[in-house]
Amino acid sequence: MKERPSFPAQLNRSSARPKVQAAPAAKTLSHGVGLDSSAVRLNMVARLSKQGVTDARIVAALQEIERHRFVDSALVNQAYEDTSLPIGLGQTISKPSVVARMAELLCHGVSGKLGRVLEIGTGCGYQAAVLSRLADEVYSIERLRGLHEKARENLRYLRVANLHLLFGDGMLGYAKGAPYAAIIAAAGGEAVPQAWIDQLAVGGRLVAPVLKGAGHGAQQALLVLDKTAQGVRQSVLESVHFVPLKSGVA
Ligand code: SAH
C-alpha cells in the first residue's frame with residue numbers, strides 16, 4: 001500500500017497566508033502531522049468564511065477533512081491553497097471554494113443533514129469525504145478505474161461507513177440508491193442527463209456545471225435544478241471550470 005504523504009506545512013502566525021516550507025521526505029514527518037495540518041486548514045477555512053462561506057456544517061466539514069491526503073506528495077504544500085490541482089489521468093481536485101459553494105447550494109434550506117446524495121465524479125475522493133459529513137448516505141461514481149481505486153485508498157483513513165464508492169458511468173446515475181435528496185456533479189456536460197432528474201427526489205436539488213451557449217463561445221456555468229411536484233425549476237449561476245463529463249468507463 002502506498003504511504004500517504006505527511007503534511008509538512010507549518011503555519012506562520014504572523015502572516016495572513018500560511019507560508020509553507022519545502023516538503024521534507026515523507027518518512028521524516030510521520031509524527032505530529034495532525035497538529036500542523038489542522039492549523040493550516042483552519043487558516044484556509046477562515047479565508048473561505050471571509051469570502052462568505054457561513055454554513056456551520058460546511059465550515060466544520062472543511063476543517064475536518066484533510067485535503068492534503070487527497071493530493072500527490074509533490075503537491076502537498078499547495079493542498080490548502082484555494083486552487084484546483086492535478087490528481088492524475090488528466091483530472092483535477094476541485095478548488096475548496098467551489099466545493100464549499102456547491103455544498104452550500106445543496107444544503108440551502110435544509111436543516112440538519114441531507115438525506116441520500118449522489119456525486120458524479122469521485123476523482124480523488126475529497127468532495128465525497130466532505131459530503132459524507134453533510135449527508136446521511138453518499139453514493140459517489142467515478143468512470144476512471146485508476147481514480148476510483150485512488151479514492152478508495154485516500155479515503156481509507158477516514159473509515160466512513162456512509163460513503164459508497166462506485167465504479168461506472170455516472171451519466172446513468174445510480175438507480176439503486178434513488179431517489180436522492182441531492183445530486184452533485186464534479187464534471188460538466190452539455191446538458192443534465194435525464195437519468196439524474198429521474199433519480200432526484202421531489203423536493204430534491206441538483207447542482208452541476210453545464211455548458212451554456214454553443215460552439216466556441218460555449219462556457220460552463222453552475223446550474224441549480226430543483227425538482228418539485230409541479231416539475232423542475234432551473235437557475236444558471238456563475239461561470240465555473242470543471243473537467244468534461246464523459247460517457248462510458250475507462
Ligand atoms: N470530486 C472531485 C473532483 C473530481 S474531477 C474532487 O473532490 O475534487 C471530476 C471527475 O469526474 C473526474 O475524475 C472524471 O473522471 C469524472 N467523470 C467525468 N465524467 C464522468 C462520468 N460520466 N461518470 C463518472 N465520473 C465522471
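Small disclaimer: the values here were computed from a predicted structure and weren't measured.

## Side note on the pairing of strand 5 (residues 163–167)
Link 1 in the chain: Here strand 4 (residues 135–142) runs beside strand 5; their pairing, made up of 5 bridges, is parallel. Pairing of I141 across the sheet is with L166, part of strand 5.

## Some details on the site of the ligand
Link 1 in the chain: Residues in close proximity to the ligand total 26 residues, the closest being S94, Q127, E142, G170 and K246.
Link 2 in the chain: Between the ligand and S94, the relevant distance is 2.7 Å, taken from an oxygen atom to a main-chain nitrogen or oxygen of the residue.
Link 3 in the chain: When isolated, the ligand has an accessible area of 580 Å², and the protein chains bury 99% of it.
Link 4 in the chain: Where the shell around the ligand is concerned, the elements lending two or more residues are strand 2 (91–93), strand 3 (114–120), helix 4 (126–132), strand 4 and strand 11 (243–244).
Link 5 in the chain: Examining the composition of the shell around the ligand, we find that 3 residues originate from one element, strand 2, more than from any other.
Link 6 in the chain: Of the residues that constitute the shell around the ligand, the class distribution is 12 nonpolar, 9 polar and 5 charged.

## Notes on the sheet that holds strand 6 (residues 180–185)
Link 1 in the chain: If you trace the 7 strands from one edge of the open sheet to the other, you get 5-4-3-6-8-9-10, paired in mixed fashion. Looking along the sheet, the strands with just one partner apiece sit at the ends: strand 5 and strand 10 (231–239). Recorded for the sheet is a direction-independent mean angle of 15 degrees between the axes of neighbouring strands.
Link 2 in the chain: Bridge analysis of strand 8 (residues 200–212) against strand 9 (residues 219–228) gives 8 bridges, and the strand direction is antiparallel. Pairing of L211 across the sheet is with Q220, part of strand 9.
Link 3 in the chain: Against the sheet, helix 3 (residues 96–107) engages strand 3, strand 6, strand 8, strand 9 and strand 10, with an angle of about 150 degrees to strand 8.
Link 4 in the chain: Strand contacts of helix 5 (residues 145–155): strand 4 and strand 5, with the helix running at about 160 degrees to strand 5, the strand carrying the most contacts.

## Comments concerning unusual backbone geometry
Link 1 in the chain: Note that the residue after A178, namely P179, is joined by a cis bond; omega there is 5 degrees.
Link 2 in the chain: Turning to its location among the elements, P179 is positioned in the loop between strand 5 and strand 6.
Link 3 in the chain: Phi angles above zero are rare outside glycine, and L89 is one such case at about 55 degrees.
Link 4 in the chain: Following the sequence through the fold, L89 ends up in the loop between strand 1 (85–88) and strand 2.
Link 5 in the chain: Within the chain, R159 stands out as a residue other than glycine whose phi angle is a positive 50 degrees.

## Structural notes on the packing of aromatic side chains
Working definition: an aromatic ring pair is given by the centre-to-centre distance plus the angle between the planes.
Link 1 in the chain: Evaluated as defined, the whole model comprises 3 aromatic pairs.
Link 2 in the chain: Seen in terms of ring centroids, F70 and Y126 are 5.7 Å apart; in terms of plane orientation they differ by 70 degrees. Their pairing is edge-to-face. A residue pair is termed long-range when its members are at least 10 positions apart, and F70 in the loop between helix 2 (56–64) and strand 1 and Y126 in helix 4 qualify at 56 residues. The residues F70 and Y126 share a single accessibility class, namely buried.
Link 3 in the chain: Relative to Y180, the ring of Y139 lies with its centre 6.0 Å away and its plane at 70 degrees, an arrangement referred to as edge-to-face. With a gap of 41 residues between them, Y139 in strand 4 and Y180 in strand 6 connect regions that are remote in the sequence. Assigned by exposure class, Y139 and Y180 land together as buried.
Link 4 in the chain: By way of ring pairs, the aromatic residues Y139, Y174 and Y180 are connected into one cluster.

## Brief notes about the pairing of strand 3
Link 1 in the chain: Taken across its 7 residues, strand 3 has 5 buried, putting it largely inside the fold.
Link 2 in the chain: On the question of chirality, the crossover connecting strand 3 to the parallel strand 4 by way of helix 4 is right-handed.
Link 3 in the chain: Where strand 3 and strand 6 come together, 4 bridges link them in parallel fashion. The residue of strand 6 that forms the bridge with V117 is A182.

## Some remarks on the nonpolar core
Link 1 in the chain: One finds L62 and Y126 to be the most contacted residues of the largest nonpolar core, which totals 52 residues.
Link 2 in the chain: With 7 residues, the single largest contributor to this core is helix 3.
Link 3 in the chain: If we ignore the near neighbours within four places in the chain, the residues touching L62 are R41, M44, V45, L48, A100, Y126 and V130.

Conventions adopted
- Residues numbered from 1 in each chain as written.
- Predicted model: local features only at pLDDT ≥ 70, side-chain atom pairs only at ≥ 80, totals over all residues.
- Heavy atoms only, no water.
- Pairing = 2+ DSSP bridges.
- Helix = DSSP H or I, 4+ residues; strand = E, 2+ residues; numbered from the N terminus.
- Near = heavy atom within 4 Å.
- Polar contact = N/O pair within 3.5 Å; in protein donor to acceptor, adjacent residues only side chain to side chain.
- Areas by Shrake-Rupley, 256 points an atom, 1.4 Å probe, with all protein chains shown as cover.
- Nonpolar A, V, L, I, M, F, W, Y, C, P; charged D, E, K, R; others polar.
- Axes fitted to C-alpha atoms, helices over the stretch in contact; angles between N-to-C directions.
- Contact = heavy atoms within 4.5 Å.
- Phe/Tyr/Trp six-rings, centres within 6.5 Å; stacked < 30°, edge-to-face > 60°.
- Buried < 20%, exposed > 50% of the residue type's maximum accessible area, 1.4 Å probe, protein only.
- Right-handed = clockwise from strand over helix to strand, strands pointing away.
- Core = buried A, V, L, I, M, F, W, Y, C linked by side-chain atoms within 4.5 Å.

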